[in-house]
Amino acid sequence: MGQDSEDILTEEEIKELLENRQYKELKEQLENNMYPVDLAEILEGFDQKQLVMVFRLLSKEEGAETFTYMNSDMREMLINALTDSELEEVMEEMYLDDTVDVLEEMPANVVDRLLMVTDEETRAQINQLLQYPEDSAGSIMNVEYIALRKEMTVAESILKIRQVGLNRETIYTCYVTEKRKLVGLVDVKELLTTSESKTVEEIMETNMLYAHTTDDQEEVALTIRKYGLIALPIVDHEMCMVGIVTVDDAMDVLQEETTEDISIMAGVNPNEESYFGTSVIAHVKSRIPWLLFLMLSATVTQMIMNSYEAALAVMPQLAGFIPMLTGTGGNCGSQSSTLVIRGLAVGEIEFRDILKVIWKEVRIAVCISITLAVVNGLRIMLMGQGDVLMAFTIGVTMACTVVIAKVVGCTLPLIAKRVGLDPAIMATPLISTLVDISTISVYFAIVSAVFHLG
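Per chain, the residues get numbers from 1 upward, laid out in the order the sequence is written. Given that the model is predicted, a residue must reach a pLDDT of at least 70 before its local features are reported, and side-chain atom pairs must reach 80 or more before they are shown or counted; all residues, however, enter totals for whole chains, interfaces and linings. Only hydrogens and water are removed before side-chain values are computed, so all heavy atoms of the structure are retained for them.

**Let's talk about a nonpolar patch on the surface**
What makes a patch is a set of residues exposed beyond 30% relative accessible area and free of salt bridges, joined within 9 Å when like-charged and within 5 Å when nonpolar (Val, Leu, Ile, Met, Phe, Trp, Tyr). Reported accessibility uses the Shrake-Rupley method at a 1.4 Å probe radius. Residues are deemed covered only where the shown protein chains occlude them. Between Lys or Arg on one side and Asp or Glu on the other, a salt bridge is scored when a side-chain nitrogen of the former is within 4 Å of a carboxyl oxygen of the latter. Together, Val-366, Ile-370, Val-374, Leu-378, Met-381, Leu-382, Met-383 and Val-388 give the surface a local cluster of nonpolar side chains, amounting to about 800 Å² of exposed area. Runs of E in the DSSP output that reach at least two residues are strands. Runs of H or I that reach at least four are helices, and both are numbered from the N terminus. For the nonpolar patch, the element with the most residues is helix 20 (residues 354-382), which contributes six residues. Relative to the elements of secondary structure, Leu-382 occurs in helix 20.

Listed below in structure tokens is the structure:
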């Protein structure tokens, strides 16, 4: 599947054709051998003059689609270089939801210029979409869909699809409305395989899925994925249909949400720009808050250890086991939190499952802790790091650490979700810190009890 990699032009080949002014050959190559998404990626290394020259060689349709795949810096560069008539052509060819995405990333002066070259009707639709809350279904929906009436015949419906379908993002599902209210839907497949004399009401599906404009975009995307939909209709509070969210938009949302979760789990503030598109200062700003918090929170661990200075003075070998215990606890906690966060993200786990999750993780922890304790006890005695009593002490501590880490790791994301926070916040960095504090406290409590140290 796919296009032969030898046919795809490289950055160097495009630049060489530009330098040699072989515009006709380059235009043919771009039309026949390049997908818009690949071209947008290649053009990232071009300066403004080269970018504009290539863009002007593309057809209106190809140019508009390539534009939607570009990053914000490339788009702004192009907008500043293109004439008003060229911009108007690009805006006419772009789907409305893509246009809104572009506008949301642009500075105010650029937005004003883009809105100036759009017609009054489109401008009104854009302004309406921009008013929906960020990350809501309304903010990512497309208002260009095919609406049919119940009394229309199949023949009339097919004729309408032919007339307006070219300007719609998807035609595979048509929506039946009555006074703008959503009353049903019908697939094009059904229309093409049914008698032309039948009415839409006879073949439409009334048991349908839909979402409201204020619903969270991630929930909408998960619904589309769960039910294998091509598009999901979006209605307002009066059940009037206002747009659709298509599967490609759902995929973008899930990718954004996953990227955000991964960033937060690693202790980095989310950033919509690419890694190389983000400056060093921006990277520092996104990482330093978590690192400062974790560094300062380690003070608690230090205070606990200071309170057991006498025990460490009597048995200095105790300090050697601390990194192993805290590291094991942190790893166990992050394993549980990662699986629970993933379960929450795909809708597999809900807060009401918290007791089931804890019970499962406790059983897992018991099995893991026994294995780790036995292996570690044998290692201690074989390497001469302590006697049977020391091996027993470290084994018990290990068992307690694993159980605590697993419980903390699985419950914190669930609690975060319950109180309206992003579960990813309760990921590796924070859980590791909490587990470290618990491990040190349990370790010295057990050591003091076994060896009667004060």
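**A few points about the sheet that holds strand 5 (residues 231-235)**
Two strands pair under a simple rule: DSSP has to find at least two bridges between them. Pairing is mixed across the open sheet formed by three strands, whose spatial order is 4-5-6. Strands with a single pairing partner mark the edges of an open sheet, and in this sheet they are strand 4 (211-212) and strand 6 (241-246). The pairing of strand 4 with strand 5 spans two bridges and is classified as parallel. Of the residues in strand 5, the one forming a bridge with Ala-211 is Ile-234.

**Concerning helix 1 (residues 11-19)**
The buried label applies to any residue whose accessible area, calculated with a 1.4 Å probe on protein chains only, is under 20% of its type's maximum; exposed applies above 50%, and partly exposed to all values in between. Taken together, the buried positions of helix 1 are Ile-14, Leu-17 and Leu-18. Along the long axis of helix 1, the arc covered by the buried residues comes to 100°, so they all point the same way. In helix 1, those exposed residues whose orientation departs by more than 90 degrees from the buried face are Glu-12 and Glu-19. In what follows, a contact means two residues having at least one pair of non-hydrogen atoms within 4.5 Å. Those residues of helix 1 hidden inside the fold are in contact with helix 2 (23-33), helix 3 (36-42) and helix 4 (48-57). At the C-terminal side of helix 1, Arg-21 shows a positive phi close to 55°. Along the arc lie the directions from the helix axis toward the C-beta atoms.

**Things to note about unusual backbone geometry**
The residue Arg-21 is not glycine, and still its phi comes out positive at about 55°. Take Arg-21: it is sitting in the loop between helix 1 and helix 2. Despite not being glycine, Asp-135 shows a phi value in the positive range, around 70°. The residue Asp-135 is located in the loop between helix 10 (120-130) and helix 11 (137-140) in this model.

**Side note on the packing of aromatic side chains**
Between the rings of Phe, Tyr and Trp (Trp by its six-membered ring), a pair exists once the centres lie within 6.5 Å; its type follows the angle of the planes, with under 30 degrees stacked, over 60 edge-to-face, and the other angles tilted. On inspection of all chains with the given rule, the structure shows three aromatic pairs. For the pair Tyr-443 and Phe-444, a centre-to-centre distance of 5.2 Å together with 50° between the ring planes defines the contact as tilted. A residue is classified by how much of its surface remains accessible, and Tyr-443, at 1% relative accessible area, is buried.

**Looking at the packing of helix 19 (residues 322-345) against helix 20**
Running from amino to carboxyl end, helix 19 crosses helix 20 at an angle of 150°, the nearest separation of the two axes being 12 Å. Looking at the two axes, helix 19 sits roughly antiparallel to helix 20. For the crossing formed where helix 19 meets helix 20, the hand is right-handed. Residue-level contacts link Met-324, Thr-328, Ser-336 and Val-340 of helix 19 to Val-357, Glu-361, Leu-372, Asn-376 and Arg-379 of helix 20. Residue type decides the class: Asp, Glu, Lys and Arg count as charged, Ala, Val, Leu, Ile, Met, Phe, Trp, Tyr, Cys and Pro as nonpolar, and the leftover types, Gly among them, as polar. Grouping the constituent residues of the contact of helix 19 with helix 20 by class yields four nonpolar, three polar and two charged. What counts as an axis is a line fitted to C-alpha atoms, over the stretch in contact for a helix, and the angles between N-to-C directions run from 0 to 180 degrees. Angle categories: roughly parallel below 35 degrees, roughly antiparallel above 145, roughly perpendicular from 65 to 115, and oblique for all the rest. When the near helix sits turned anticlockwise from the far one by under a right angle, the crossing is termed left-handed; a clockwise turn instead gives a right-handed crossing.

**Description of helix 6 (residues 72-81)**
Side chains that are three or four residues apart share a direction in an α-helix, a result of its 3.6 residues per turn. Within the sequence span of helix 6, burial applies to Ser-72, Met-74, Arg-75, Leu-78 and Ile-79. Looking down the long axis of helix 6, one finds its buried residues gathered within 160° of arc, a one-sided arrangement.

**Structural notes on the sheet that holds strand 1 (residues 147-148)**
Whether parallel or antiparallel, the strands of a sheet pair through hydrogen bonds between backbone atoms. Pairing in this open sheet of three strands is mixed, and the strands run 1-2-3 from one edge to the other. Every interior strand has two partners, whereas the edge strands, strand 1 and strand 3 (181-187), have only one. Where strand 1 and strand 2 (residues 173-178) come together, two bridges link them in parallel fashion. Residue pairing across strands places Leu-148 opposite Val-176, the latter belonging to strand 2.

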